[in-house]
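Structural description and commentary
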Amino acid sequence: MIAVVGSLNLDLVAPVPQHPVPGETVLGGDIAQHPGGKGANQAVAAARLGGNVAFVGRVGEDDAADVMLDAVRSEGVDATHITRTPGVATGRALIAVDPVGENTIIVSPGANGRVGAADCEAAADLLRKAAVTVLQQEVPDEANHAAARLAGGIVLHNPAPAVAGAVPPPHVDVLVPNRTELAALTGTPVPETIDEVVAAARKLTGAGAVLVTLGGDGVLLLEGTAHLHIPAFTVRPVDTTAAGDSFCGALAVALAEGRTLEQAARWACAAAAISTTRAGAQPSLARRDEVEAFLAG
Ligand code: ADP
């Protein structure tokens with residue numbers, strides 16, 4: 001079983017002719033509403049790939065809470081440990097997209113900001129039994145630290161988004177940053193070449209292994225002193241939203257099935273590549289049969 005401790009956000013997306021400057025109002029187009037949040041995306045990614053997934057998190061007591069609970073339940077994710085929180089709104093992301101696809105995003109954590117150590121302690125049995133516990137940085141550090149402490153299996157931490165001052169838990173087995181998050185964690189400039197990525201990843205101590213996702217350049221696996229560059233699959237990307245979430249969800253499934261880190265990373269690259277060929281976050285996430293067919297060529 002895979003436990004995901006993390007965020008659930010309802011994404012509200014409005015097209016705008018141009019982004020407003022402070023003090024300005026612009027008239028946008030029709031709002032589209034999608035389930036999102038890194039925690040929910042990664043849980044859905046894993047469930048769609050055949051993972052047995054349980055979620056630990058919080059929503060409010062508003063309509064958005066029902067949308068988010070339906071979204072994860074309809075994918076087969078166990079929502080028993082998602083708590084409705086009185087007096088607070090469900091997390092939302094307010095996204096404005098201009099005609100060239102540039103976006104500005106305001107994330108209002110709402111109930112996600114109330115996830116704490118007590119939520120993890122209430123789910124201690126689940127976390128102890130989980131083959132893999134998956135964490136990100138859209139809930140307070142305190143929750144991640146408690147989850148990592150209670151986890152009986154592999155702890156996979158995706159330190160995203162790159163929140164200034166965020167402190168990853170001390171006991172992480174697999175750390176999965178992208179280039180920007182790696183720079184934030186190490187205080188170095190964003191590494192460009194593979195050598196720069198290796199040098200930056202080596203600065204991370206306290207993680208058993210580091211997998212740096214490199215977009216169209218694939219992934220860099222650092223285990224002890226050894227490193228391996230796994231190139232990305234060649235696809236025609238149309239929208240890379242949630243590529244990282246797709247990768248983390250798939251990695252969790254493969255690790256829970258006992259694959260090695262290298263095997264799991266290659267499999268996750270396939271799932272993530274498929275997700276980049278389709279629009280949106282959760283709608284783009286691959287199913288297991290698609291990954292098997294993709295790998296079979
Ligand atoms: P994030 O969305 O967190 O920034 P990345 O952009 O690094 O994450 O993407 C995560 C993974 O998705 C990559 O390691 C790679 O396997 C896959 N991926 C992303 N972009 C592409 C692409 N253009 N072509 C093929 N695979 C991609």
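Parameters at a glance
Residues numbered from 1 in each chain as written. Predicted model: local features only at pLDDT ≥ 70, side-chain atom pairs only at ≥ 80, totals over all residues. Heavy atoms only, no water. Salt bridge = Lys/Arg side-chain N within 4 Å of Asp/Glu carboxyl O. Buried < 20%, exposed > 50% of the residue type's maximum accessible area, 1.4 Å probe, protein only. Helix = DSSP H or I, 4+ residues; strand = E, 2+ residues; numbered from the N terminus. Pairing = 2+ DSSP bridges. Axes fitted to C-alpha atoms, helices over the stretch in contact; angles between N-to-C directions. Contact = heavy atoms within 4.5 Å. Phe/Tyr/Trp six-rings, centres within 6.5 Å; stacked < 30°, edge-to-face > 60°. Lys NZ or Arg CZ within 6 Å of the ring centre and 35° of its normal.

This part covers the pattern of salt bridges. On inspection of all chains with the given rule, the structure shows 13 salt bridges. Between Glu 257 and Arg 259 there is a salt bridge; the shortest N-O distance is 3.7 Å. Taking the relative accessible area as the measure of exposure, Glu 257 reaches 41% and is therefore partly exposed. The partner of Arg 288 in a salt bridge is Glu 257, and the shortest N-O contact between them spans 2.9 Å. You can see Arg 288 sitting in helix H10 (residues 288-296) and its partner Glu 257 sitting in the loop between helix H8 (243-256) and helix H9 (261-276), a full 31 residues away along the chain. A relative accessible area of 24% means that Arg 288 is categorised as partly exposed. Sharing partners across several salt bridges, the network here consists of Glu 257, Arg 259, Arg 288 and Glu 292.

Okay, the sheet that holds strand S12 (residues 219-223) next. Hydrogen bonds along the backbone pair up the strands of a sheet, which may run parallel or antiparallel. Across the sheet, 9 strands lie side by side as S5-S4-S1-S8-S9-S10-S11-S12-S13; this open sheet has mixed pairing. Each of the sheet's edge strands pairs with one partner strand only, and the pair in question is strand S5 (78-84) and strand S13 (226-230). Looking at each pair of strands side by side, their axes are set apart by 20° on average, direction ignored. As judged from the 3 bridges shared by strand S10 (residues 172-175) and strand S11 (residues 207-213), these two strands associate in the parallel manner. Bridge pairing in S11 places Leu 175 opposite Val 210. Lying on the sheet, helix H5 (residues 141-150) is in contact with strand S1 (2-5), strand S8 (132-135) and strand S9 (154-157); it crosses S8 at an angle near 170°. Of the strands in this sheet, S11, S12 and S13 touch helix H7 (residues 194-202), which is tilted by about 40° from S12.

Taking strand neighbours across the sheet as the criterion, the 4 strands line up as S3-S2-S6-S7 in an open arrangement whose pairing is mixed. Two strands close off the open sheet at either side, each with one partner strand: strand S3 (32-36) and strand S7 (103-108). With direction set aside, neighbouring strand axes in the sheet form an average angle of 20°. Here 6 bridges tie strand S6 (residues 91-97) to S7, and the two strands are oriented antiparallel to one another. Each bridged residue has a counterpart across the sheet, and for Arg 92 the counterpart in S7 is Ser 108.

Moving on, we come to the pairing of S10. Across 2 bridges, the pairing between S9 and S10 is parallel. Directly across from Leu 156, in S10, lies its bridge partner Val 174.

Moving on: the packing of aromatic side chains. Evaluation of the coordinates by the stated rule reveals 1 aromatic pair. Ring geometry for Phe 233 and Phe 294: centres 5.3 Å apart, planes at 70°, overall edge-to-face. Linking Phe 233 in the loop between S13 and H8 with Phe 294 in helix H10, this pair joins segments that are 61 residues apart in sequence. For Phe 233, a relative accessible area of 32% gives the class partly exposed. Residue classification places Phe 294 among the partly exposed residues on the basis of a relative accessible area of 28%. Arg 259 extends its terminal NZ or CZ atom over the ring of Trp 267, reaching a point 4.9 Å from the ring centre.

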